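Residue-level structural notes
Below, each chain spelled out in residue letters.
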Amino acid sequence: MRRVEFRVLGPLSVTCGGEELLLGGPKQRGLLAALLLNSNRRVALERLAGLLWDEPPQSATANLRTYASGLRRVIGDRLLARDGGYELVVAPGESDVERFGELVSRGRAELAAGNQSAADILLREALDQWRGRCGEDLPGDIPLARHLGLLDEQRLLVLEDSLLLRLELADLRQTVTEVRVLLTDHPTRERLWAVLMTALYRSGDVAGSLAAYRAAADALDRELGMRPGQELRDLQQAILARDPALEGTVRTPAAPVSDIPRQLPRDSRVMVGRDDELAAIMTVCSGAARDPAQPRVVSIDGQAGVGKSALALRAAHLLAGRHPDGQLYVDLRGTTTGLEPVSSVHALAGLLRALGDPHQTSLDEHELSARFRTITADRALLLVLDNASHTQQVLPLLPASGNCTALVTSRRRLTTLDASLCLSLDVLSPEAARATLTEYGPPGEQDEGAVADVAELCGRLPLALRIAAARRASRPDWSLAELARQLADDRRRLDELSTDDVSVRAAFAATFDALRFGDKPGESTAAELFRLMGALPLPTYGEEVLAALADVTEAELKSALRRLVDLHAVEPRAGRFVLHDLLRLFAAELAEHELAESEREAALARVFSYCAEASRQAREQFRPVRRDLPVVLSIAKQAKRPECDTIDQAAIWFDSEREALRAMVGIADRGSAALYLPTTVIVDALSTDLERDQRLPEAIELNETLARIAERNGDTVEAAECWRYLASCHQRLGNRALARDYVARGIELGRKTGQTTRLVSALNTLAIFSTESGDFDAAESLLTEALGLVGDSDEVALGILLNTQGMNARWAGDNAKAVEHLLASLAIRSRVGDRVGQAYTRYQLGRAYLASDQLEDALLHLDALVDLAVDLSARDLEREGRIARMQVFNRLGRVADAQDELARALDLCEVVGQLTARSQVLVAAADPSADPERDTALATA
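From a predicted model like this one, the values you see are computed outputs, not experimental measurements.

**Observations concerning the packing of helix α21 (residues 504–516) against helix α25 (residues 581–594)**
- Packing of α21 against α25 brings their axes to within 11 Å, and their N-to-C directions diverge by 65°. Judged by the sense of rotation from one axis to the other, the crossing of α21 with α25 is right-handed. Taken together, the residues of α25 that come into contact with α21 (itself represented by Val504, Arg505, Phe508, Ala509, Phe512 and Arg516) are Leu582, Leu583, Phe586, Glu589, Leu590 and Glu594.
- Tallied by class, residues from the contact of α21 with α25 come to eight nonpolar, no polar and four charged.

Next up, the structure:
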């Protein structure tokens, strides 16, 4: 992979081998910038559309694919098409955004270690990455511009840090000049004014320093209609008093050191991956970006062990210098196992004692809160309220002074707190998780593969990572690979993530106890739902499935989910709900130990019957259901029937439930025989869904599992149908020997048991194989036998067999006979509503008419095929239809139309991830008589 330089800290540019690449128009450049800000991870098309348009047009997806195609011609395989999105591949050191972030992190680490000169060099090098305003040549009226503006804000924060550092290094003259230039563009940033005032004072220009304060006051009044903040006002007073402390710091305390509370616990030694959140806190808590009459309140929430307290304390230590009148800390014990939450009265009494207030005799919350507000009114205080249980516990503890800052952490989302900034922490990125594990672990061995494995097995949860690193450090005889093996056992992982004084399981138990013993509406239902989710481990959960699982009404479910989301026990994601990996293991333990086996089996039966009926309804929009498939009616009375009455609704339902349904098949493979019949219906529907999108390996895996379950339950007939389906899939993938072995087993069993339906399917499949191998007489013989078994009684099967007959005749060169069979098949398939079948038959008719040079008739059927394929989201069929239409247009001399079809077919090759099909498209473009079907094995019923 050639080295490429991606730069967005200034005008967007990409260079390769020293040559700057031409990136296209504004929207195409915007797409590249959006992907660069999210490099090395998939960005969904919906997300990209939301970054490039305030209100995305209906053509947004098509436009994005066009822009991506244009970018790919410039930057090649660095731009990858992922499922429903794109990913930009950027190697380490190729992005100026990445370099900036890395240098800033290293600089701040050196500063924390007291290495000021080294920190100064690194921060300056970080600032040297900038060449202007971030993405300054991109349109300023698109949502992406707001994200780029956040990077500009980060640059200013780093620049202010660098300038403050230079004050300590006595670099005064250059600092004064640089700050004056910056203030022309940023006249309301009080930190810059403070740096200028201090630099002028230390260089002996006291009058200039006071003049700078007056200029700051004028600018703030003119631009914002506000007076300077407390910090700037105190600095002015210190200058007037010629305070000796100004020679070494920007601010002096307002009270004797002995009277100032310094209660902050020790800062965490390691913090990786929270730079954005930390920068957001520092921005909100800076003087220029706030209302001076209001205290700054930052709320940080997230699941147990995600690092809320660590982030709050890191921010508190960085902000301590801005709050010279004291730093207060209270553990509110909102979710501390075995302890009651701290009452507001007790918390207020402790705060007042820390502030030296003698009036503490009252036990009335309102009086104490009023007293606290009174004595903090003229102080610059920092308050950390850790582990809050709910908003009402926090509100009486908040000061009212605009000089004060409060950092609040909670597992719940404190939605009514009216905070200046609300942060919901997620688990760490893969890179940050690996770095955390390495930093906490012992020096020496650095097995990158093992580090990555352990990080993922810890769910990238900071608490779990710290425990794993501690376990590794305490056992020098363990390698990281050994630790990964210990953690790989799901049933033992929570045991391994425990030390003498801290445990992931205990942290989760505190969250669950808050539900189990809570008295708010929905909490008991939420606790029951969480346990039941442990009995049904799915990658994601839809609301209807959860309603079936818990057997509750829609209103009861929504109330329970609100409680679970508030506590971060589950996380909402794209309209669905997700359990963190470690929480999933914890929920499974609860399900096993706290639910009776009958309760677990009843819940699974409700879900499987519901999904079987729903998937059957969705499948019917694409193809008629097999006549021999069992009818499974839902026993989940509370779950709402899904909307699957149209192709679009069915496609949406499959898209949302596909991964969950696949997981359910795995559960059935490990579960009781009672789940078998609904699983056959689910696999049949899923196979139809996957086949239309040419995801054959996934369909193979499902049917192999179902065949295994069927044989275990003594249902050799269903196993035979699985073998027949597997044969068809393997044939299309080029595994011909395996395919013939599977279909032979199906035919043998069909003849032995007299199962006509299964025998007909197997004969049809073998006939297709014979056609593809050029044995047309054998194929016709097999089809004649199958037609004799069917007669006119099964129209679905008849339509399939006639389609195969038409294909066989076409491949044999008898296009007239092919058209006769195919028109008969199309009439039947239209009558029974087999939309997928119609699409395949339309394709065969288009090819037959094209081979006969009946171009208008060919175009008629190919147009209908493409429309059907688009409706069905059958991208492979759409691609093959467009290839054939391209050939028709070339023969008709419609060159522009042919070029358009070529471009769309090539795009479809990339969208579905089948880049090898590009060669087939290009061959067809070069030869209007080429028939790529024989290479793509699109010959299916």
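**Describing the packing of aromatic side chains**
- Counted according to the given criterion, the structure contains eight aromatic pairs.
- For the pair Phe530 and Phe586, a centre-to-centre distance of 6.3 Å together with 45° between the ring planes defines the contact as tilted. Highlighted residues: Phe530 in helix α22 (residues 523–535) and Phe586 in helix α25, separated in sequence by 56 residues.
- We classify Phe586 as buried; its relative accessible area is 5%.
- One aromatic cluster is present, formed by Phe508, Phe512, Phe530 and Phe586 through successive ring pairs.
- The side chain of Arg745 reaches across the aromatic face of Trp723, ending 4.0 Å from its centre.

**Observations concerning the sheet that holds strand β5 (residues 79–82)**
- Spatially, three strands are ordered β4-β6-β5 in an open sheet, and the strand pairing comes out antiparallel. Because the sheet does not close on itself, it has two edges, and the strands there are β4 (43–44) and β5.
- Pairing geometry for β5 and strand β6 (residues 85–88), over four bridges, is antiparallel. Bridge assignment links Ala81 to a residue of β6, and that residue is Tyr86.
- Strand contacts of helix α1 (residues 26–37): β4, β5 and β6, with the helix running at about 70° to β6, the strand carrying the most contacts.
- Each of β5 and β6 touches helix α3 (residues 60–75); the most contacted strand, β5, lies at about 145° to it.

**What about the sheet that holds strand β2 (residues 13–16)?**
- Judged by pairing direction, the sheet is antiparallel, and its three strands sit side by side in the order β1-β2-β3 without closing on themselves. Looking at the sheet topology across the chains shown, the edges are occupied by β1 (4–7) and β3 (19–20).
- Both β2 and β3 contribute to a ladder of two bridges, which runs antiparallel. Bridge pairing in β3 places Cys16 opposite Glu19.

**Structural notes on empty space enclosed by the protein**
- If you walk through the whole model with that rule in mind, you get four cavities of 30 Å³ or more.
- Here the largest cavity defines a volume of roughly 130 Å³.
- Lining the largest cavity we find 14 residues, and of these Val270, Met271, Val272, Pro462 and Arg466 sit closest to its centre.
- Among the secondary structure elements, those contributing two or more residues to the lining of the largest cavity are α12 (308–319), α16 (430–440) and α18 (462–474).

About the criteria used
Residues numbered from 1 in each chain as written. Predicted model: local features only at pLDDT ≥ 70, side-chain atom pairs only at ≥ 80, totals over all residues. Heavy atoms only, no water. Axes fitted to C-alpha atoms, helices over the stretch in contact; angles between N-to-C directions. Helix = DSSP H or I, 4+ residues; strand = E, 2+ residues; numbered from the N terminus. Left-handed = near helix turned anticlockwise from the far one by under 90°. Contact = heavy atoms within 4.5 Å. Nonpolar A, V, L, I, M, F, W, Y, C, P; charged D, E, K, R; others polar. Phe/Tyr/Trp six-rings, centres within 6.5 Å; stacked < 30°, edge-to-face > 60°. Buried < 20%, exposed > 50% of the residue type's maximum accessible area, 1.4 Å probe, protein only. Lys NZ or Arg CZ within 6 Å of the ring centre and 35° of its normal. Pairing = 2+ DSSP bridges. 1 Å grid on protein atoms, 1.4 Å probe; cavity = no way out; pocket = protein on both sides within 12 Å on 5 of 7 lines; lining within 4 Å. Points joined across faces, edges and corners; volume = space filled by probe spheres on them.

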